[in-house]
Amino acid sequence: MSDLYEFPADLPDQGDNGRATLQWTGGVIALTTLGLALLNPTAISGWLDDLPPGPATVRLTAIGDGWAETADRIGLAAGHARLHAAWKSAERTDWRGRQPVEMAATDAVANP
């Protein structure tokens, strides 16, 4: 048998100690963060509301709320709103094929 098909194959020395992998991972995280910041500003506002109060938090909350309002006004949050409405509809649906189930005041499922 030829030596060309031996396993495991020796890989060439890349020499960057994982730098390219770290750059790729950082780029994916940055792109994902930008996408979420643009298309789901209500999540940012909710996260900022949970931070402990302080001068920086108040300023960030005002910026986040302003961005959420702007995104709603120009329609960037429409995808999130449609997905949330679909989720709530699925939550109320009786999966045995009958009528929708009414939700109780405590968000517990009421028995039909």
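Given the structure is predicted, the values throughout are model-derived calculations rather than measurements.

Rules behind the numbers
- Residues numbered from 1 in each chain as written.
- Predicted model: local features only at pLDDT ≥ 70, side-chain atom pairs only at ≥ 80, totals over all residues.
- Heavy atoms only, no water.
- Patch = residues over 30% accessible without salt bridge, like charges linked within 9 Å, V, L, I, M, F, W, Y side chains within 5 Å.
- Areas by Shrake-Rupley, 256 points an atom, 1.4 Å probe, with all protein chains shown as cover.
- Salt bridge = Lys/Arg side-chain N within 4 Å of Asp/Glu carboxyl O.
- Lys, Arg positive; Asp, Glu negative; His and termini not counted.
- Charge placed at Lys NZ, Arg CZ, Asp CG, Glu CD.
- Helix = DSSP H or I, 4+ residues; strand = E, 2+ residues; numbered from the N terminus.
- Buried < 20%, exposed > 50% of the residue type's maximum accessible area, 1.4 Å probe, protein only.
- Arc of directions from axis to C-beta.
- Contact = heavy atoms within 4.5 Å.
- Polar contact = N/O pair within 3.5 Å; in protein donor to acceptor, adjacent residues only side chain to side chain.

**Concerning a negative patch on the surface**
Next, step 1: A cluster of acidic residues, Asp 49, Asp 50, Asp 65, Glu 69 and Asp 72, forms a negative patch at the surface.
Next, step 2: The leading source of residues in the negative patch is helix H3 (residues 55-74), at three residues.
Next, step 3: By the secondary structure assignment, Asp 72 is in helix H3.
Next, step 4: On the basis of relative accessible area, Asp 72 is assigned to the partly exposed category, the value being 47%.

**Looking at helix H2 (residues 41-49)**
Each α-helix winds once per 3.6 residues, and so residues spaced three or four apart point in a common direction.
Next, step 1: Listed in full, the buried residues belonging to H2 are Pro 41, Ser 45 and Leu 48. Axial view of H2: buried residues confined to an arc of 65°, hence all on one face.
Next, step 2: Lining the buried residues of H2 we find helix H1 (19-39) and H3.

**A few points about the environment of Asp 50**
Next, step 1: With respect to the secondary-structure elements, Asp 50 resides in the loop between H2 and H3.
Next, step 2: Separated by 11 residues in the primary sequence, Asp 50 and Thr 61 have C-alpha atoms spaced 9.9 Å apart.

**Description of the side chain of Thr 57**
Next, step 1: By secondary structure assignment, the location of Thr 57 is in helix H3.
Next, step 2: Looking at Thr 57, the relative accessible area reads 14%, which means it is buried.
Next, step 3: Polar side-chain contacts of Thr 57 include one of 3.0 Å to the backbone oxygen of Pro 52.
Next, step 4: Each residue touching Thr 57, except ones within four places of it in the same chain, is listed here: Leu 48, Leu 51 and Pro 52.

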